[in-house]
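# An overview of the molecular structure
Take a look at the letters that make up each chain.
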Amino acid sequence: MTALRQRKGSKGKEPPLGAEFQSQQSNCCTDHHPEKILHGDWSWGAIIWTSVGWSVSVGLGLLCCIYMATLHENDLWFSNIKEVEREISFRTECGLYYSYYKQMLQAPSIQEGLSDLIHDNLTESKRTINLLQRMNIYQEVFLSVLYRLLPIQLYLEPVYFYIYTVFSLQAVYVIALYLTAWLLSGSWLAGTLAGVWYILNRVDTTRVEFTISLRENWSLPFLALQVTAVTCYLRPQLTALQQKVMVWLMYMTTLCFCLTWQFNQFILLVQALIIYALDCVDFLTTTQVTTLYLVQVSSLLSVWLLQFCNSMILGSLVLSFIVAALFIKHCQSGLKTGSLLVRLGKLLLHSALVLLLTVTINYLAKKALQLRSDEHIFKFIKSKFALGPTRDFDANLYLCEEAFGLLPLDTLERLAGTLLLYPYILTLLLLSGVFALAALHNLSRPKGGGSAEEKKGAADGRVVALRPDVAYNLLHTLFYGLLAFSTMRMKYIWTGHMCAVAAYGVCGKELWTMLLSTLNCNSKVLLRLVRHAVPLLMIGCLYYKFWPKLMEELSELREFYDPDTVELMTWISTKTPKRAVFAGSMQLLAGIKLCTGRVLTNHPHYEDKDLRERTKQTTWRRTTHRRCGTVSTASLRLHYGHRPGVLSNFWVWEVEEAAEAHKPGDEGFVISGTQDNCNLGRPKSSWRLTSFAGWRGGCSCGRPANHQTSWFSSRVGRDGP
């Protein structure tokens, strides 16, 4: 048997996978892995070196957290602006999610707050929905409860408790990437380099400083922790206790990841495909494969229970795929026998059966559950790759957004500017070559094991081998890289892990050994020197190049400035009934929900069939009436009606819509209402009363055509504090 795969707990006489690498790494006195202490190495050198590594990881995490918080403060002057301006700064769906945190804090008690979320009739007019089932807002619930229980109300405002928690998760993200690079390479210098790259590539690794409440900012740190746990679980020579700890850690991190992001099923599907690919080419044992699958299944089922039996989870593709893969694997006991060509043929047949069974299970599950909540995602995928109709409304609503387009090429230019792209590509090419050779060797190897010559060749290092944890991270970065290139919004999953993989390439022993052996100058002293000198040199270059730019960036002071939206929210809060129903764009309505608490017709959380139909009707009628220059009261009442006891409905038109619907030269917000009279007050001279055909009255907020509202303005030169 060759040393190309690991079987934990094997009772045979053959060495487990990666034993050669482990013995080689132990020869280098500076290669102290984080788990060496757990293996019984309590020497002072190991303790000190590991403690320094952990201290650096925490320091980098705190540095990233403070850096993001400072950028947020400098961009908005968050500590100085009014509360309504702070809430407006939570743009689009961020405002919707934060509104539930605010709602929980304003509730008389925790029990009443939870009851209001479970029986919510403000988010969608004429409907009562369970927000804990529909949306991923458990993090807002948890923070609101924590804020109520902790004695910090006198020292910390609720909004700061919220945003500081999100920024703290960025510290967790950096620490997770640090540990992944450390585990892969055996040197915490790799973790340091990964953390530095993450911070310097902030534009492409995160957008937390201006989209705080976005679900991915909550979930991606837990996904990074899960990858770290998987990497540690796949390492050789773990004890039974350590394996159990890693399994529980994988479960908890996967649970937190799934609970905080509605797109969890699609991300886990990619991860399940990675596990399937590694299983097909014998990089993982049956126990490891089954454990990883069951961790995903148990996490999804736990989220299903916490979200009040959300049918979208049971009808997810990832659950159907895992059931199909495990069932076919159990039925095909002789899959990993035969020659290379025979095994390739069996793998093709095996994959076809898994795909067919996955589609069948998913189709039957959705039919049984009458599930249509996620069909817009598949419409988007079909339209994006020209596999279906390109004029579908739901698909075009995504395709018209830049975030759902292809990855711009200037992203690669920025990554190259920080010296990240070049070592990443080199590492990717080398590891891909080794992976292909190792996979072919595994597939051509008899099931019972190799000959004595093969074993001797593996021990001498003549047989190409790849550790399971390295193989997993290789496929992880490849699969999510393809996902990022296809959809720009998904690049934040890829770029963070990209930093860890590139750092492993710079500091990893295996890659440097291959390069030095090719140059016929491989020695332990030279290997140790190169592995530590190169990352230190790169960190020095990055410091010299980017430290002045970071200081200049932190010295730029700007202020949130959007007087028209502030005026709009103030007018709605003071001049409209509390149960008034508002229609308009999804992005603006999320802000209205947060700032005023009024009832909405639609919102940006799009995972519901009825809501998508309502949004389609709203957009169609808004576009039609804008072109005709008229708005019909009957059409609005037809789709949204009048809630019992509500005196008015309002339709908010935004900048371009207002200019087209009213007359050229007018921009701003236009509020049209069905009030019996239009004497609602005029907050400022820039507001004036208008009358649209078919409406009894309304109010519009206009401003000169040459005036442009900016989200930010320089603090210098502003009148007043």
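Here the structure is a predicted model, which means the values were calculated and not measured.

## Some points on the overall build of the chain
The number of helices and strands found in the chain is 31 helices and 8 strands. Classification of the 721 residues of the chain by burial places 56% in the buried group. Relative to all contacts within the chain whose residues are 6 or more apart in sequence, the contacts with residues 24 or more apart total 73%.

## Side note on the layout of surface pockets
Where empty space is left becomes clear once a probe the size of a water molecule has been rolled over the atoms. Approximately 770 Å³ is the volume found for the second largest pocket. The wall of the second largest pocket is formed by 28 residues, among which F266, L269, F378, I381 and L483 lie closest to the centre. Counting residues per element, the ones that place at least two in the lining of the second largest pocket are α13 (264–280), α16 (317–331), α17 (340–369), α18 (375–384) and α23 (468–486). Tallied by class, the residues present in the lining of the second largest pocket amount to 22 nonpolar, 4 polar and 2 charged.

## Describing empty space enclosed by the protein
Overall, the coordinates contain 6 cavities of 30 Å³ or more when judged by the stated rule. Estimated volume of the second largest cavity: approximately 80 Å³. In terms of lining, the second largest cavity is formed by Y173, L177, T180, L220, L223, A224, V227, H476, I493 and H497. Put simply, the parts of the chain that give the lining of the second largest cavity at least two residues each are α8 (158–185), α11 (215–233) and α24 (491–507). Ranked by the residues each element gives to the lining of the second largest cavity, the list is headed by α11, at 4 residues. Taken together, the residues that form the lining of the second largest cavity break down as 7 nonpolar, 3 polar and no charged.

## Overview of the packing of aromatic side chains
According to the stated counting rule, one finds 24 aromatic pairs in the structure shown. Through pairs of rings, three or more aromatic residues link up here, namely F90, Y98, Y101, Y162 and W218. Positioned above the aromatic ring of F78 is the side chain of R86, whose terminal nitrogen or guanidinium carbon lies 5.2 Å from the ring centre. Note that R215 overlies the ring of Y97, its terminal NZ or CZ placed 3.9 Å from the centroid.

## Re helix α25 (residues 509–518)
Buried residues of α25: K509, E510, L511, W512 and L516, and no others. Where α25 ends, the next residue or the one after it, N520, has phi of about 60°, a positive value.

## As for the side chain of T205
For T205, the position within the fold is in helix α10 (residues 202–205). Excluding its chain neighbours within four sequence positions, the residues that come into contact with T205 are Y198, Y492, T495, G496 and C499.

## As for the environment of S351
Along the chain, S351 falls in helix α17. Relative accessible area serves as the criterion here: at 29%, S351 is assigned to the partly exposed category. Here the alpha-carbon distance between S351 and A325, two residues 26 residues apart in the chain, equals 8.6 Å.

## Remarks on a nonpolar patch on the surface
Side chains of W44, I48 and V52 sit close together on the surface and give an oily, nonpolar patch of about 350 Å² of accessible area. Relative to the elements of secondary structure, W44 occurs in helix α2 (residues 44–76). Residue class for W44 comes out exposed when judged on its relative accessible area of 69%.

## Let's talk about the pairing of strand β4 (residues 649–653)
Among the 5 residues that make up β4, 5 are buried, leaving the element largely enclosed by the rest of the structure. On β4, burial covers both faces: N649, W651 and W653 on one face and F650 and V652 on the other are all buried. Of the pairings in the sheet, the one linking strand β2 (residues 581–583) to β4 comprises 3 bridges and is parallel in character. From the neighbouring strand, A583 faces β4, where its bridge partner is W651.

## Concerning α23
Between the first and last C-alpha of α23 there are 27 Å, a value that for 19 residues agrees with the 27 Å anticipated at 1.5 Å per step. For α23, the buried fraction is high: 14 of the 19 residues fall into the buried class.

## Describing the environment of Y164
Counting through the fold element by element, Y164 comes out in helix α8. C-alpha of Y164 to C-alpha of M68: the two residues are 96 residues apart in sequence and 9.8 Å apart in space.

## Remarks on the nonpolar core
In terms of nonpolar packing, the biggest core is built from 177 residues, with F90, Y162 and W197 touching the most fellow members. At 19 residues, α8 tops the list of elements feeding residues into this core. With residues up to four places along the chain from it excluded, the contact list for Y162 reads F90, Y98, Y101, E140, L143, I212, S213, R215 and W218.

## Some words on the pattern of salt bridges
Scanning all chains against the criterion turns up 21 salt bridges. In this structure, K491 engages D204 in a salt bridge whose closest nitrogen and oxygen atoms are separated by 2.9 Å. Note that K491 is positioned in helix α24 and D204 in helix α10, a separation of 287 residues in sequence. As far as the burial class goes, K491 and D204 line up, both buried. Salt bridges sharing partners connect three or more residues here, namely D279, D282, K329, K336 and R343.

## Looking at the packing of helix α9 (residues 188–200) against α24
The contact between α9 and α24 brings their axes to 8 Å, and the two run at 140°. Regarding the angle of α9 to α24, the classification is oblique. Classified by chirality, the crossing of α24 by α9 is right-handed. Note on element contacts: α24 touches α9 through G496, C499, A500, A502, A503, V506 and C507, opposite L189, A190, L193, A194, W197 and Y198. Per-class residue counts for the contact of α9 with α24 are 12 nonpolar, 1 polar and no charged.

## Notes on unusual backbone geometry
Peptide bonds are, in most cases, trans, and in most cases residues other than glycine have a negative phi. Backbone geometry places T92, a non-glycine residue, at a positive phi of 50°. Inspection of the secondary structure assignment puts T92 in the loop between α3 (83–88) and α4 (93–106). Located in the positive-phi region is N520, a residue other than glycine, with phi close to 60°. Locating N520 in the fold gives a position in the loop between α25 and α26 (524–555). Assessed through its relative accessible area of 72%, N520 is described here as exposed.

## A short note on the confidence of the model for the chain
Here the chain averages 80 in pLDDT, and 77% of its residues register 70 or above. Contacts for the low-pLDDT stretch residues 673–721, under 50 throughout, to residues beyond four places or in other chains number 133 contacts.

Quick notes on the rules
- Residues numbered from 1 in each chain as written.
- Predicted model: local features only at pLDDT ≥ 70, side-chain atom pairs only at ≥ 80, totals over all residues.
- Heavy atoms only, no water.
- Helix = DSSP H or I, 4+ residues; strand = E, 2+ residues; numbered from the N terminus.
- Buried < 20%, exposed > 50% of the residue type's maximum accessible area, 1.4 Å probe, protein only.
- Contact = heavy atoms within 4.5 Å.
- 1 Å grid on protein atoms, 1.4 Å probe; cavity = no way out; pocket = protein on both sides within 12 Å on 5 of 7 lines; lining within 4 Å.
- Points joined across faces, edges and corners; volume = space filled by probe spheres on them.
- Nonpolar A, V, L, I, M, F, W, Y, C, P; charged D, E, K, R; others polar.
- Phe/Tyr/Trp six-rings, centres within 6.5 Å; stacked < 30°, edge-to-face > 60°.
- Lys NZ or Arg CZ within 6 Å of the ring centre and 35° of its normal.
- Patch = residues over 30% accessible without salt bridge, like charges linked within 9 Å, V, L, I, M, F, W, Y side chains within 5 Å.
- Areas by Shrake-Rupley, 256 points an atom, 1.4 Å probe, with all protein chains shown as cover.
- Salt bridge = Lys/Arg side-chain N within 4 Å of Asp/Glu carboxyl O.
- Pairing = 2+ DSSP bridges.
- Expected span 1.5 Å × (residues − 1).
- Core = buried A, V, L, I, M, F, W, Y, C linked by side-chain atoms within 4.5 Å.
- Axes fitted to C-alpha atoms, helices over the stretch in contact; angles between N-to-C directions.
- Parallel < 35°, antiparallel > 145°, perpendicular 65-115°, else oblique.
- Left-handed = near helix turned anticlockwise from the far one by under 90°.
- pLDDT = per-residue confidence, 0-100.

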